[in-house]
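# Descriptive analysis of the structure
The residues making up each chain are set out below.
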Amino acid sequence: MWHAPRRLWSWLILDVGQNPRAPCFIPYPAMIARFLILVCLVSASAFAIEPADLYGTWRLVSYTRTIVATGERSDVYGPSPMGYLSYGPDGRMFATLGDPSRPKPSDLAKVTDEERLKLYRTFSAYAGTFTLKGSTVTHHVDISMNQTWTGTDLVRNVAIEGDTLIIRLDPQPNQVDGQMWTSELKWVKVKAGQQSRTK
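Everything numeric in this text was worked out from a predicted model, so none of it was measured.

Notably, glutamine 147 is not glycine yet its phi reads approximately 70 degrees, a positive angle. Among the secondary structure elements, glutamine 147 is positioned in the loop between strand 8 (136-144) and strand 9 (153-161).

Encoded structure:
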């Protein structure tokens, strides 16, 4: 059984007041309030994410988008997307994401405009540096495939559950129809020596 340190236990239930030698029990509501404060502080400490927690390579396992008004969900790059996300101790990062069903041209010299368009729409990549503050990671983009992200900051909400990194985007309007939507990406940690699933 876990026993709280004596001073902490005293803080939870006693009111020292003006006479430390004759403390009295605090009212029950105040005791509950102190307990909840303690729980919040312990929880924040236990689940705080440090930069080192992000270091390494993560493989994309799901990428979903949800329309806020209706709750309708869709897979951005299919039910089994491909992609890798990497964070390094040097403060740099890169991300690649794609749909495994995207066309594979047999000859780059003979790629049609339709194939080029589909290849562009089913893949995303960018790289830059990153900073972590609490549960928010900001990607400072140096280079991006669509070029519109280059020189911008991409803010992401992050959580780690075991070997899974969960990245969520705040609600934002769809550039096509204006509907508000959110996105969630789940990544699993790649172990040293682990083979790509494409092999």
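Let us look at the pattern of salt bridges. Using the criterion set out here, one finds three salt bridges in the structure. Notably, a salt bridge pairs aspartate 163 with lysine 191, separated by 3.1 Å at the nearest N-O pair. Taken together, the residues aspartate 163 in the loop between strand 9 and strand 10 (164-173) and lysine 191 in the segment after strand 11 (180-189) connect sequence positions 28 residues apart. Residue class for aspartate 163 comes out partly exposed when judged on its relative accessible area of 42%. Among the salt bridges present, the one from arginine 168 reaches glutamate 184, with a minimum N-O distance of 2.9 Å. In this pair, arginine 168 sits in strand 10 while glutamate 184 sits in strand 11, placing the two residues 16 residues apart along the sequence.

There is about 1200 Å³ of room inside the largest pocket. Forming the boundary of the largest pocket are 38 residues, of which Tyr63, Arg65, Asn146, Trp149 and Trp181 lie nearest the centre. Here the residues of the lining of the largest pocket are counted per class, giving 21 nonpolar, eleven polar and six charged. Taken as a whole, the second largest pocket holds about 210 Å³ of empty space. In terms of lining, the second largest pocket is formed by 13 residues, of which the most central are Met82, Asp99, Pro100, Arg102 and Phe123. Listed by contribution, the elements that provide at least two residues to the lining of the second largest pocket are strand 5 (82-87) and strand 6 (92-98).

A full pass over the atoms with the stated rule returns three aromatic pairs. With a centroid separation of 4.8 Å and an interplanar angle of 70 degrees, the aromatic rings of tyrosine 87 and phenylalanine 130 are classed as edge-to-face. On the criterion of sequence distance, the pair formed by tyrosine 87 in strand 5 and phenylalanine 130 in strand 7 (residues 123-133) is long-range, its members being 43 residues apart. Each member of the pair, tyrosine 87 together with phenylalanine 130, is buried. Over the face of the ring belonging to tryptophan 181 we find arginine 65, whose NZ or CZ atom lies 4.0 Å from the ring centre.

This brings us to the side chain of serine 86. Looking at the secondary structure, you find serine 86 in strand 5. Looking at serine 86, the relative accessible area reads 14%, which means it is buried. If we skip the residues at most four places from it in the chain, serine 86 touches Gly56, Thr57, Arg92, Met93 and Phe94.

Here we come to the nonpolar core. Among the nonpolar cores identified, the biggest contains 22 residues, and Leu85, Tyr87, Leu97, Leu165, Ile167, Leu185 and Trp187 are the most heavily contacted of them. Secondary structure elements with two or more residues in this core: strand 3 (56-67), strand 5, strand 6, strand 7, strand 8, strand 9, strand 10 and strand 11. Each residue touching leucine 185, except ones within four places of it in the same chain, is listed here: Leu60, Ser62, Tyr63, Leu97, Leu165, Ile166, Ile167 and Leu169.

With that settled, consider the pairing of strand 9. Across five bridges, the pairing between strand 8 and strand 9 is antiparallel. Paired with threonine 138 across the strands is valine 155, a residue of strand 9. The pairing of strand 9 with strand 10 spans five bridges and is antiparallel. Looking across to strand 10, one finds that valine 158 is bridged to isoleucine 167. Taken together, strand 9 and the strand that follows it, strand 10, pair antiparallel across an intervening segment of two residues, in which glycine 162 is found at a positive phi of about 65 degrees.

Quick notes on the rules
- Residues numbered from 1 in each chain as written.
- Predicted model: local features only at pLDDT ≥ 70, side-chain atom pairs only at ≥ 80, totals over all residues.
- Heavy atoms only, no water.
- Helix = DSSP H or I, 4+ residues; strand = E, 2+ residues; numbered from the N terminus.
- Salt bridge = Lys/Arg side-chain N within 4 Å of Asp/Glu carboxyl O.
- Buried < 20%, exposed > 50% of the residue type's maximum accessible area, 1.4 Å probe, protein only.
- 1 Å grid on protein atoms, 1.4 Å probe; cavity = no way out; pocket = protein on both sides within 12 Å on 5 of 7 lines; lining within 4 Å.
- Points joined across faces, edges and corners; volume = space filled by probe spheres on them.
- Nonpolar A, V, L, I, M, F, W, Y, C, P; charged D, E, K, R; others polar.
- Phe/Tyr/Trp six-rings, centres within 6.5 Å; stacked < 30°, edge-to-face > 60°.
- Lys NZ or Arg CZ within 6 Å of the ring centre and 35° of its normal.
- Contact = heavy atoms within 4.5 Å.
- Core = buried A, V, L, I, M, F, W, Y, C linked by side-chain atoms within 4.5 Å.
- Pairing = 2+ DSSP bridges.

These figures come from the coordinates and say nothing about function on their own.
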